[in-house]
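For reference, the chains in residue letters:
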Amino acid sequence: MLTTSPIKSILHLPLRVLLLILDSDVLSYQDILACKQVCKLLRRIIDGTPSLQYKILLAATGMDDMKTYSLSAAKKLAKLRQYEAAWADLFSPRPYKSSIPILGEPGWEFFGGVFAQFLDEHTIQFIRPRFHIRGVKEDMWALSLSLSLSSFYMDPYQDLLMVVVCDEGLHCLHLLDIHTGSKHALAKMQRLLIPADEDADFEINSFGNKVVMLIRWEEEELPRSRLAIWDWQLGIPILIYDNSPDLDGKIGTDYVTFTFLDSDRIVFSVCDYTPRRGFQNGRLVVIDLALGSHAFSDALTFQLPELADDCRISELTLFRKCSLATPAAGTCRVPFRGSQEKAAIFIHYSISNVSTGEAEVITIVLPTCKLLFLCDEYGSASASQDVPRAVLWDLWGPKNTRALVNLDAEYQAVFGTRLLCVQDDYVTLYDFNHLGALSDLTLSLTRCMGEDDDCDPLKLATQFKSPSTIKSKMLAQELTTTLPYRVLSTGMMYDESHTLMFSEDTVIIMNDTNKENVVYSI
């Protein structure tokens, strides 16, 4: 009896049915690329179908489709290609370039496409650079408040301005509208108490209706920290956690920095301290707010690479910036947005040798989606099989991260999957979207940034798909990591008087000598 192979059976289906199968939500980006390798017919169908090309390009550029945006697949694909081409031209001799004077007191922030800086202790200036592709015109405004401001944070996606005011030793966080300076319309209370002493350091961040305050100080020369999480819209606390040191054993735990992974999960960079050994045992700690009062007791811990003898941690910070799911009204005329799940977490692991005085910075890059997967995998295993909730580096790090040596954290900016830094006096762009690095698509990082087709070699991208190994005297063992990435020198010279800032559509280079910010936007 004659039999027909599954492939031949599929190819005999009507074209309409084939397209329904290929364009279904069941098939991923990798599945579609795999189908292209099956035969010439499927390759022609996929190459000639805008919706399939759009799905591939979304994954390769680290974008998510905004489902509510009513455009045909062909128009969405054209806009995404236009967007990527604009990024390719960002540092060319003919970008859209403007400048913002550096004014007033030190203190600035750039997030959500809005740059803000202090003019004085009562006034903040806001500038939204022009984004041609998004159809956003340049805008500038200032808020003069009756409050004496010590610092501020903002979430332009929610029109939220959070200003810190210290009065008679009490710190309060005022919740204001970023355009009017009045109480935010969604906030039932205008201010929240920051449970911090006058000499404490604190970091504040928000995600949706949640605002997190991480307060750090010293007690008898040991680090101490407190975490306060509020529902800023209702004005009620969600979780208060005090991390007290062991004063008798002289051991303290330092929660250094944090970032949201999604609306419920938060990751912290954490290390232990003793006066004799300094900071040791670097790790990531992930809490799930859905667990309520058990969020910290049931936290998952992911160990970082072990240090060599006589070495200690001098700094352990993490950074993650990305677009939020819902942009503010009027700020988006494109049908896609940078993916939150694909956004990378950049961990700066700064190590010093006590005996020799040598120092080294290892930057470990971890995609959010991979950490979330690890949390689901080890969290469910711990619950069902009594598996320890502390995961050793060798079990999770090598196959999910990429480690790079001596990228100076002082001259870096991150957004989404990209890191902008300085190497050999040039501004250099790294892209850690592993889906894009694994594909052979022509993206902004494989284009020439120059004015013509005769590209300067400095301006060409290089893909890194193979594992790399770091042999460092600072670590107890060799460090091998595998996350694919791409790197591109922009050809733009840089000096130490500059500061980099980075957002989805814009790069700002702050020139401290000339007292101006040079804005490159698409």
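See the structure above.
For clarity, every value in this text was computed on a predicted model and none was experimentally measured.

1. Description of the nonpolar core
Move 1: Counting 49 residues, the largest nonpolar core has Leu 227, Ile 266, Phe 268, Ile 287, Phe 336 and Phe 502 as the members making the most contacts within it.
Move 2: Ranked by residues supplied to this core, first place goes to helix 6 (residues 73-88) with five residues.
Move 3: Setting aside residues no more than four positions away along its own chain, Ile 287 makes contact with Leu 227, Asp 264, Arg 265, Ile 266, Phe 268, Ala 295, Phe 296 and Ala 299.
Move 4: Grouped together as the second largest cluster of nonpolar side chains are 35 residues, Val 267, Ala 308, Leu 318 and Ile 362 included.

2. As for the environment of Gly 235
Move 1: As for its position among the elements, Gly 235 is in the loop between strand 13 (222-231) and strand 14 (236-243).
Move 2: Among the residues examined, Gly 235 registers a relative accessible area of 9% and is labelled buried.
Move 3: In this structure the C-alpha to C-alpha distance between Gly 235 and Gln 190, which are 45 residues apart in sequence, comes to 8.4 Å.
Move 4: In this structure Gly 235 touches Met 189, Leu 192 and Trp 230, once residues within four positions along its chain are discounted.

3. A word on the packing of helix 3 (residues 29-36) against helix 5 (residues 50-61)
Move 1: Here helix 3 crosses helix 5 at 125°, and the two axes come no closer than 9 Å. When the axis of helix 3 is compared with that of helix 5, the two are oblique. For the pair helix 3 and helix 5, the sense of crossing is left-handed. Residue-level inspection shows Tyr 29, Ile 32 and Leu 33 of helix 3 in contact with helix 5, the latter providing Leu 52, Lys 55, Ile 56, Ala 59 and Ala 60.
Move 2: Across the contact of helix 3 with helix 5, the residue classes break down as seven nonpolar, no polar and one charged.

4. Some points on empty space enclosed by the protein
Move 1: Applying the stated rule across the entire model yields three cavities of 30 Å³ or more.
Move 2: By volume, the largest cavity amounts to about 190 Å³.
Move 3: Contributing to the lining of the largest cavity are 19 residues, with Met 63, Phe 415, Gly 416, Thr 417 and Arg 418 lying nearest its centre.
Move 4: With three residues, the top contributor of residues to the lining of the largest cavity is helix 6.

5. Comments concerning the sheet that holds strand 17 (residues 278-288)
Move 1: An order of 15-16-17-18-23 is seen for the five strands of this open sheet, with the pairing classed as mixed. On the outer flanks of this sheet lie strand 15 (252-260) and strand 23 (390-391), each paired with one strand and no other.
Move 2: Sheet topology note: the strand 16 (residues 265-274)/strand 17 ladder contains nine bridges and is antiparallel. The partner of Thr 274 across the bridge, within strand 17, is Gly 278.

6. Comments concerning the pattern of salt bridges
Move 1: Taken as a whole and assessed by the stated rule, the structure comprises 15 salt bridges.
Move 2: The closest approach of N and O atoms between Asp 47 and Lys 36, which form a salt bridge, is 2.9 Å. Remark: Lys 36 occurs in helix 3 and Asp 47 occurs in helix 4 (residues 40-47); sequence separation between them is 11 residues.
Move 3: For Asp 47, a relative accessible area of 39% translates into the label partly exposed.
Move 4: Residue class for Lys 36 comes out buried when judged on its relative accessible area of 14%.
Move 5: With a closest N to O distance of 2.8 Å, Arg 226 and Asp 242 form a salt bridge. Within this pair, whereas Arg 226 is found in strand 13, its partner Asp 242 is found in strand 14, the two being separated by 16 residues in sequence.

7. Digging into a nonpolar patch on the surface
Move 1: Taken together, Ile 10, Leu 13 and Ile 21 make up a surface patch of nonpolar side chains, about 220 Å² in accessible area.
Move 2: Relative accessible area serves as the criterion here: at 33%, Leu 13 is assigned to the partly exposed category.

What counts as what
Residues numbered from 1 in each chain as written. Predicted model: local features only at pLDDT ≥ 70, side-chain atom pairs only at ≥ 80, totals over all residues. Heavy atoms only, no water. Core = buried A, V, L, I, M, F, W, Y, C linked by side-chain atoms within 4.5 Å. Buried < 20%, exposed > 50% of the residue type's maximum accessible area, 1.4 Å probe, protein only. Helix = DSSP H or I, 4+ residues; strand = E, 2+ residues; numbered from the N terminus. Contact = heavy atoms within 4.5 Å. Axes fitted to C-alpha atoms, helices over the stretch in contact; angles between N-to-C directions. Parallel < 35°, antiparallel > 145°, perpendicular 65-115°, else oblique. Left-handed = near helix turned anticlockwise from the far one by under 90°. Nonpolar A, V, L, I, M, F, W, Y, C, P; charged D, E, K, R; others polar. 1 Å grid on protein atoms, 1.4 Å probe; cavity = no way out; pocket = protein on both sides within 12 Å on 5 of 7 lines; lining within 4 Å. Points joined across faces, edges and corners; volume = space filled by probe spheres on them. Pairing = 2+ DSSP bridges. Salt bridge = Lys/Arg side-chain N within 4 Å of Asp/Glu carboxyl O. Patch = residues over 30% accessible without salt bridge, like charges linked within 9 Å, V, L, I, M, F, W, Y side chains within 5 Å. Areas by Shrake-Rupley, 256 points an atom, 1.4 Å probe, with all protein chains shown as cover.

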